[in-house]
Amino acid sequence: MAQIVRTEDEGDPRLDDFRDLSTADRRPDRPGGRGLVIAEGTVVVRRLLASAYPPRALLGVPRRIDELGPDLAGVPVPAYVTSAEVMAKVVGFHLNRGVLAVADRAPQPDADEILARSRVIAILEGVGDHENIGALFRNAAALGVDAVLLGAGCADPLYRRSVRVSMGNVLRVPFAELTPWPSGLERVRAAGFRVAALTPRADAVTLRELAARGGRTALLLGSEGPGLTGEALASADVAVRIPMAEGVDSLNVATAAAVAFYELSAAVN
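Quick caveat: nothing in here was measured; it's all calculated off a predicted structure.

(A) Highlighting the nonpolar core. The biggest cluster of nonpolar side chains holds 57 residues, and the ones touching the most others in it are Leu58, Leu124, Val148, Leu219, Leu221 and Phe261. Of the residues forming this core, the biggest block, 7 residues, is contributed by helix H11 (residues 253-268). Leaving out residues up to four positions away in the same chain, Val148 has contacts with Ala122, Leu124, Phe137, Ala140, Val173, Pro174, Phe175 and Ala176. Of all hydrophobic cores here, the second largest spans 20 residues; its members include Ala111, Leu115, Ile123 and Ala176.

Next comes the structure, spelled out in structure tokens:
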């Protein structure tokens, strides 16, 4: 059982993992970053505690820590209990969800390991918005996508906002960087995947046509604004589109991914 520790001292050094989270949750290679994984809210904290990421501590108001009581059995880390006011001063902003957990990063599988055990994967290029990254991982978990590979220019999936928007599913869906880019797509193809680039091009096949072909599929998704680069499109085996009403040429990348994930995973299952 986690050790319950009460404190009302905003300067308590034991709370330093939670301090000034607007900068401290950056990657360790960024200014001010410590590289910790930060979970917000009871649902996401539960998923972190059940994941491979080693927890360091929790911080929350009494009601939220009490709610997590069964999940803390056998978790040998401190759970600091304090008021919402002290918590806000430590964190640097008011936290509506009332509880945080911090963990160390866990070793990630490499791309080849992911490819060997997957049927449907997503590959991202230039997806730099942390909320879109989080939503993509949540959609992947919900719709049967086995893993996510990150090409050039992607945001960190373990950034606090990404973890929150994913509802903790970024802690469950395997991911790895795919390098070099975009020539690393040859590794995907060599592993037996058809690389399908999602694009609004009129000459692209539809998702249903792609899904009907069967086989292992890697869905290539581009950045929020310009989409996939010309190099990435040229490296794909097939261009694929989502048919849309006249006058609408695109969807938010996470929304488009959800539509595509559903079609592809339904065909596999």
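(B) The side chain of Thr82, seen in detail. Within the fold, Thr82 resides in the loop between strand S4 (78-81) and helix H4 (84-91). A polar contact of 2.7 Å, which involves the side chain of Thr82, links it to the backbone oxygen of Thr7. The contacts of Thr82, once residues within four sequence positions are left out, are Thr7, Glu8, Leu59, Gly60, Val61, Pro62 and Met87.

(C) Representation of the sheet that holds S4 within the structure. Pairing is mixed across the open sheet formed by 5 strands, whose spatial order is S1-S4-S3-S5-S2. In the strand order of this sheet, the two ends are held by strand S1 (3-6) and strand S2 (37-40), each with one partner. When strand polarity is set aside, the average angle formed by the axes of neighbouring strands in this sheet is 20°. Here helix H2 (residues 42-49) sits on the sheet and contacts S2, strand S3 (55-60) and strand S5 (99-103); the angle it forms with S5, its principal contact strand, is near 25°.

(D) Region of interest: unusual backbone geometry. Cis geometry marks the peptide bond from Thr179 to Pro180; its omega dihedral reads -15°. Assignment of secondary structure puts Pro180 in the loop between strand S8 (175-177) and helix H8 (185-190). In this model, Trp181 is joined to Pro182 through a cis peptide bond whose omega is 0°. Within the secondary structure, Pro182 is located in the loop between S8 and H8. The phi dihedral of Asp20 falls on the positive side, at around 50°, and the residue is not glycine. Looking at the element boundaries, Asp20 is found in the loop between S1 and helix H1 (21-24). Look at Asp20 and you get partly exposed, because its relative accessible area is 41%. The phi dihedral of Met167 is positive, around 55°, even though this residue is not glycine. As for its placement among the helices and strands, Met167 is situated in the loop between helix H7 (160-165) and S8.

(E) Spotlight on the layout of surface pockets. Its volume calculated, the largest pocket comes out at about 490 Å³. Taken together, 23 residues make up the lining of the largest pocket; nearest its centre are Leu198, Thr199, Pro200, Asp249 and Ser250. Listed by contribution, the elements that provide at least two residues to the lining of the largest pocket are strand S11 (216-221) and H11. Grouping the constituent residues of the lining of the largest pocket by class yields 14 nonpolar, 6 polar and 3 charged.

Here is what the cut-offs are and how they apply
- Residues numbered from 1 in each chain as written.
- Predicted model: local features only at pLDDT ≥ 70, side-chain atom pairs only at ≥ 80, totals over all residues.
- Heavy atoms only, no water.
- Core = buried A, V, L, I, M, F, W, Y, C linked by side-chain atoms within 4.5 Å.
- Buried < 20%, exposed > 50% of the residue type's maximum accessible area, 1.4 Å probe, protein only.
- Helix = DSSP H or I, 4+ residues; strand = E, 2+ residues; numbered from the N terminus.
- Contact = heavy atoms within 4.5 Å.
- Polar contact = N/O pair within 3.5 Å; in protein donor to acceptor, adjacent residues only side chain to side chain.
- Pairing = 2+ DSSP bridges.
- Axes fitted to C-alpha atoms, helices over the stretch in contact; angles between N-to-C directions.
- 1 Å grid on protein atoms, 1.4 Å probe; cavity = no way out; pocket = protein on both sides within 12 Å on 5 of 7 lines; lining within 4 Å.
- Points joined across faces, edges and corners; volume = space filled by probe spheres on them.
- Nonpolar A, V, L, I, M, F, W, Y, C, P; charged D, E, K, R; others polar.

Function cannot be read off these values alone, since they describe shape.
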